[in-house]
Amino acid sequence: KIRMKKLYLLLSIITIGGVVNAQDPQVLFSKALSFQQTNDIDSALAILESITNDPEAENDQLTLLAKLQIAKIKVKAGKQAVENIEALHHLVEIATKQEEWSITAEAYIILGFVNEKNDHHIESKEYLDRAYSLIQQHQLQTLLSKYLVRRAATFRRFTSYADSII
């Protein structure tokens, strides 16, 4: 079954116009996103993990985006295990060094969500504050709505009704 999945994955990279360079990470990343949109999570993860396994591109933007996408998939699937949280912390560290502020801010938003789900209100708020700081400092307006949704959900979850109307 796994062999068939890999064969399907390889064949799915073939387009109408001919064979796409299966080694092109950008093409692979786009393909992974399309698999994710069709809920073929195993194929998406396989492609994303293949992108992150390239030692020559360990810290480039596309690899960091692939790592972020892997974390999103795992969190959405309810896999908020220590390994995933550690991977997100590592991603934040690398993305910060590379000055990839959008990736760093989104990783903070995900960490805020994970801590919210684990009933860690203070940690959740701290990560969301870090994300907001980066969003403001680097004008990352595309992330503002994600941040606001998370902030509202966290506020709603950890604030009493009486506090929320004041």
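Our subject in this report is the structure included herewith. (Residues numbered from 1 in each chain as written. Predicted model: local features only at pLDDT ≥ 70, side-chain atom pairs only at ≥ 80, totals over all residues. Heavy atoms only, no water.)

Details of helix α8 (residues 141-158)
End to end, α8 covers 26 Å across 18 residues, agreeing with the expected 26 Å (1.5 Å per residue, within 8%). Taken residue by residue, α8 has Leu143, Tyr147, Arg150 and Thr154 as its buried positions. Along the axis of α8, the buried residues cluster in a sector spanning 70°; they form a single face. When the buried face of α8 is taken as reference, the exposed residues oriented beyond 90 degrees from it are Val149 and Arg156. On its buried side, α8 packs onto α6 (101-117) and α7 (121-137). (Helix = DSSP H or I, 4+ residues; strand = E, 2+ residues; numbered from the N terminus. Expected span 1.5 Å × (residues − 1). Buried < 20%, exposed > 50% of the residue type's maximum accessible area, 1.4 Å probe, protein only. Arc of directions from axis to C-beta. Contact = heavy atoms within 4.5 Å.)

Section: the nonpolar core
The biggest cluster of nonpolar side chains holds 26 residues, and the ones touching the most others in it are Leu88, Leu91, Tyr108 and Ile135. For this core, the secondary structure elements donating two or more residues are α4 (61-76), α5 (82-97), α6, α7 and α8. With 9 residues, α6 is the single largest residue contributor to this core. Counting 13 residues, the second largest nonpolar core, distinct from the first, contains Ala32, Phe35, Leu45 and Ile51. (Core = buried A, V, L, I, M, F, W, Y, C linked by side-chain atoms within 4.5 Å.)

Considering the packing of α7 against α8
At a minimum axis distance of 10 Å, the contact between α7 and α8 shows a crossing angle of 160°. It follows that α7 is roughly antiparallel to α8 by the angle criterion. Judged by the sense of rotation from one axis to the other, the crossing of α7 with α8 is left-handed. Residues His121, Ser124, Lys125, Leu128, Asp129, Tyr132 and Ile135 of α7 touch α8, and the partners they reach there are Gln141, Leu143, Leu144, Tyr147, Arg150, Arg151, Thr154 and Phe158. (Axes fitted to C-alpha atoms, helices over the stretch in contact; angles between N-to-C directions. Parallel < 35°, antiparallel > 145°, perpendicular 65-115°, else oblique. Left-handed = near helix turned anticlockwise from the far one by under 90°.)

Topic: the pattern of salt bridges
When the charged atoms of two side chains lie near each other, side chains of opposite charge can form a pair. One pass over the structure, following the stated rule, counts 6 salt bridges. Residue Glu93 pairs with Lys97 through a salt bridge whose shortest N-O separation is 3.5 Å. You can see Glu93 and its partner Lys97 sitting in helix α5, 4 residues apart, about one turn around the helix. You can call Glu93 partly exposed: its relative accessible area is 43%. A residue is classified by how much of its surface remains accessible, and Lys97, at 64% relative accessible area, is exposed. Glu116 is the salt-bridge partner of Arg150, the closest N and O atoms lying 2.8 Å from each other. Pair noted here: Arg150 is in helix α8 and Glu116 is in helix α6, with a separation of 34 residues, a long-range link. Both residues of the pair, Arg150 and Glu116, belong to the buried class. Because the salt bridges share partners, they merge into one network encompassing Lys72, Glu106 and Lys146. (Salt bridge = Lys/Arg side-chain N within 4 Å of Asp/Glu carboxyl O.)

Quick look at the packing of aromatic side chains
Across all of its chains, the model carries 2 aromatic pairs by this definition. Geometrically, the ring pair formed by Tyr132 and Tyr147 is stacked, given 4.8 Å between the ring centres and 25° between the ring planes. You can see Tyr132 sitting in helix α7 and its partner Tyr147 sitting in helix α8, a full 15 residues away along the chain. With relative accessibility at 4%, the residue Tyr147 sits in the buried group. A cation over a ring is seen here: Lys31 above Phe35, with NZ or CZ 5.5 Å from the ring centre. (Phe/Tyr/Trp six-rings, centres within 6.5 Å; stacked < 30°, edge-to-face > 60°. Lys NZ or Arg CZ within 6 Å of the ring centre and 35° of its normal.)

Coordinates in, geometry out; function isn't part of it.
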